[in-house]
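Structural features, examined
As a plain string of letters, each chain reads:
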Amino acid sequence: MASNRMPRAPHPDRPLALLAGLTPKQFLRRHWQRKPLVIRGAIPAFVPPVTRAALFALARRAGVEARLVAHDGRKGWTLAHGPFAKSALRVLGGPRRTLLVQGVDLHDEAAHTLLQRFRFVPDARLDDLMISWASDGGGVGPHVDSYDVFLLQAQGWRRWRIGRPKDVSLRRGVPLKMLRRFAAEQEHVLGPGDMLYLPPNWAHDGVAVGGECMTCSIGFRAPRRAELAVELAQRLADLDAEDSGADRPYADRRLAATRRPGRVPAALQAFAVDALLRFVTRPREIAAALGELLTEPKTGVSFPHRAARWSRGAVALDRRTRILYDDEHVFINGESYRASGDDARLMRRLADDRCLDAHAVRRASRAARLLLREWVVAGWLRPGAPRVTTGAGAGGVRPAAARAQRSRGAKRD
Ligand SMILES: [Mn+2]
């Protein structure tokens, strides 16, 4: 990634080293949600998006989701949640320790750039980049996740033991979700630039071997049916609450005197069914609510407002901005806009490329430019071309420099 523009979403029919020479289309057909894939040299000469020092610094920051896992002979497994004091991170100096930092892509431009390589999967499915650092022998024990994941080895070596669990019962008395019994079907030792794809519900146990290591987890999200239904219904209910005509209470003007006061009136049962039906028979509003829900910024994310100097010229989305679209709407950071014609095409391009060049902006309608300006002021959009960093530290350190930094890092903090 030597170019200074944001990498475009990979072409579905182009073979990728990232997918062991498969095209995204082939990978999705053969492996996605079906079977694991081990990819040697997925990213040759891979430079980790952050250094160990930068990762540890993130774990100390408020608003960053971090966990520390230790496995000691006497104390067994222990788990602590961040943000961590500098002194708390000293335990990482011992063996069998793991530091997990969630959502690194929200905090680091190079991590965000790395995720762009996986955009052959829709953004609506992409969750975040988690980075785990482990000292020798470190891991989080055998477990099962309900999501797809790419495990990209960033530095050092990790031994993965994987298999379909025959018994999903969990170990008791440990602070982490850990399988009671686990027999591996396959074992793979991954080095820098190697990657393992795992479908949901495959048991896995990864342990740092031959010293410390760092692993990037590219995780996906899949809403649960009931949870999604509740959230969508809530949003539709909020819409109805604004319109009293749409949210009339149950009425029974023809109520007959009863001798069985304990019985639920049939009319009230019908009213309940009708109440739910009125939610499910609004596909357009459901689509809008879904888009808003999917682009809701992650917890803890806030955007820096800036003065509206911008009126034309290239723009790029802030890495924390979530943007999606459907046939009728553009959704950005939890808000929906109706869009059609040329303006819709422009906004879709912004969503797919995460930037617009000066030429595209110049051709936009006045209304579209005003909207873009609003987003600049809100901090969702940045004037100028996209910033691209491809490695540890700000400004994209080249592989050689990063390696020097690594060997210098013998001191633990
Ligand atoms: Mn896992």
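For the structure given in this document, a descriptive report is provided here. Predicted, not measured: the structure shown is a model, and the values here were computed from it.

1. Regarding the overall build of the protein chain
For the protein chain, the helix and strand inventory stands at 11 helices and 15 strands. Expressed along its principal axes, the backbone C-alpha trace of the protein chain runs to roughly 80 × 65 × 45 Å. Expressed as a percentage of the 413 residues in the protein chain, the buried residues total 44%. Within the protein chain, residue pairs in contact and separated by at least 24 positions form 77% of the contacts whose partners lie at least 6 positions apart. Within the structure as shown, the protein chain displays about 22300 Å² of accessible surface, and the carbon and sulfur contribution to it stands at 52%.

2. Focus on the coordination of the manganese ion
Bound to the manganese ion are the protein donor atoms His143 (NE2), Asp145 (OD) and His204 (NE2), situated 2.1 to 2.2 Å from the metal. Each donor residue of the manganese ion belongs to the same chain, and together they define the spacing H-x1-D-x58-H. Here the residue His143 occupies a position in the loop between strand E5 (126–134) and strand E6 (149–163), and His204 occupies one in strand E9 (residues 203–220), the gap between them amounting to 61 residues. Residue classification places His204 among the buried positions, given a relative accessible area of 5%.

3. Overview of the environment of Trp160
With respect to the helices and strands, Trp160 occurs in strand E6. Taking the C-alpha atoms as reference points, Trp160 and Pro261, 101 residues apart in sequence, are found 64 Å from one another. When neighbours within four sequence positions are excluded, Trp160 is seen to be in contact with Leu151, Gln186, Glu187, His188, Leu190, Leu196, His204, Asp205, Gly206 and Thr215.

4. A closer look at the nonpolar core
Grouped burial of nonpolar side chains is what soluble globular proteins tend to show. Judged by nonpolar contacts, the single largest core of 44 residues is most densely connected at Leu99 and Phe150. With 28 residues, the next largest nonpolar core counts Leu317, Ala344, Trp375 and Trp380 among its residues.

5. What about the packing of helix H8 (residues 341–353) against helix H10 (residues 366–377)?
Contact pair H8 / H10: the axes reach a minimum separation of 11 Å and the direction vectors enclose 30°. Judged by the inter-axis angle, H8 sits roughly parallel to H10. Residues Asp343, Leu346, Met347 and Leu350 of H8 form the contact with H10, whose participating residues are Ala368, Leu371, Leu372 and Trp375. Class assignment for the residues of the contact of H8 with H10 results in seven nonpolar, no polar and one charged.

6. Concerning the packing of helix H5 (residues 225–241) against helix H7 (residues 283–294)
Between two packed helices, the angle of one axis relative to the other and the distance separating the axes together describe the packing. Put simply, H5 and H7 touch, their axes get as near as 10 Å, and they point 110° apart. In this view, H5 runs roughly perpendicular relative to H7, as classed from their interaxial angle. The handedness of the crossing between H5 and H7 is right-handed. Touching Leu228, Glu231, Leu232, Arg235, Leu236 and Leu239 of H5 are Glu285, Ile286, Ala289, Leu290, Glu292 and Leu293, all from H7. For the contact of H5 with H7, a count of residues per class yields eight nonpolar, no polar and four charged.

7. Section: the sheet that holds strand E10 (residues 315–317)
Taking strand neighbours across the sheet as the criterion, the three strands line up as E14-E10-E15 in an open arrangement whose pairing is antiparallel. Bordering the open sheet on either side are strand E14 (355–356) and strand E15 (381–383), each of which pairs with just one other strand. The strands touched by H10 within the sheet are E10, E14 and E15, with E15 carrying the most contacts at an inclination of about 95°.

8. Overview of the sheet that holds strand E12 (residues 329–332)
Spatial ordering of the open sheet is given by E11-E12-E13, a layout of three strands whose pairing is antiparallel. With partners counted over all chains shown, the strands left at the sheet margins are strand E11 (323–325) and strand E13 (335–338), one partner each. Across this sheet, the average inter-strand angle for adjacent strands is 20°, counted without regard to direction. Sheet topology places E11 next to E12; three bridges connect them, and they run antiparallel. By the bridge assignment, Ile323 is partnered in E12 with Ile332. Here H7 sits on the sheet in contact with E11, E12 and E13, set at roughly 25° to E12.

9. Considerations on the pattern of salt bridges
Taken as a whole and judged by the stated rule, the model has 21 salt bridges. Residues Lys298 and Asp127 are paired through a salt bridge, measuring 2.5 Å at the closest nitrogen-oxygen approach. One end of the pair, Lys298, is in the loop between H7 and E10; the other, Asp127, is in strand E5, with 171 residues separating them in the sequence. By relative accessible area, which is 25% here, Lys298 ends up partly exposed. Overall, Asp127 belongs to the partly exposed group, its relative accessible area being 26%. The residue Arg278 makes a salt bridge to Asp274 at a minimum N-O spacing of 2.8 Å. One end of the pair, Arg278, and the other, Asp274, are both in helix H6 (residues 266–280), four residues apart, so they sit about a helical turn from each other.

Parameters and conventions
- Residues numbered from 1 in each chain as written.
- Predicted model: local features only at pLDDT ≥ 70, side-chain atom pairs only at ≥ 80, totals over all residues.
- Heavy atoms only, no water.
- Helix = DSSP H or I, 4+ residues; strand = E, 2+ residues; numbered from the N terminus.
- Buried < 20%, exposed > 50% of the residue type's maximum accessible area, 1.4 Å probe, protein only.
- Contact = heavy atoms within 4.5 Å.
- Areas by Shrake-Rupley, 256 points an atom, 1.4 Å probe, with all protein chains shown as cover.
- Donors = N, O, S within 2.8 Å, 3.2 Å for Na, K, Ca; no water.
- Core = buried A, V, L, I, M, F, W, Y, C linked by side-chain atoms within 4.5 Å.
- Axes fitted to C-alpha atoms, helices over the stretch in contact; angles between N-to-C directions.
- Parallel < 35°, antiparallel > 145°, perpendicular 65-115°, else oblique.
- Nonpolar A, V, L, I, M, F, W, Y, C, P; charged D, E, K, R; others polar.
- Left-handed = near helix turned anticlockwise from the far one by under 90°.
- Pairing = 2+ DSSP bridges.
- Salt bridge = Lys/Arg side-chain N within 4 Å of Asp/Glu carboxyl O.

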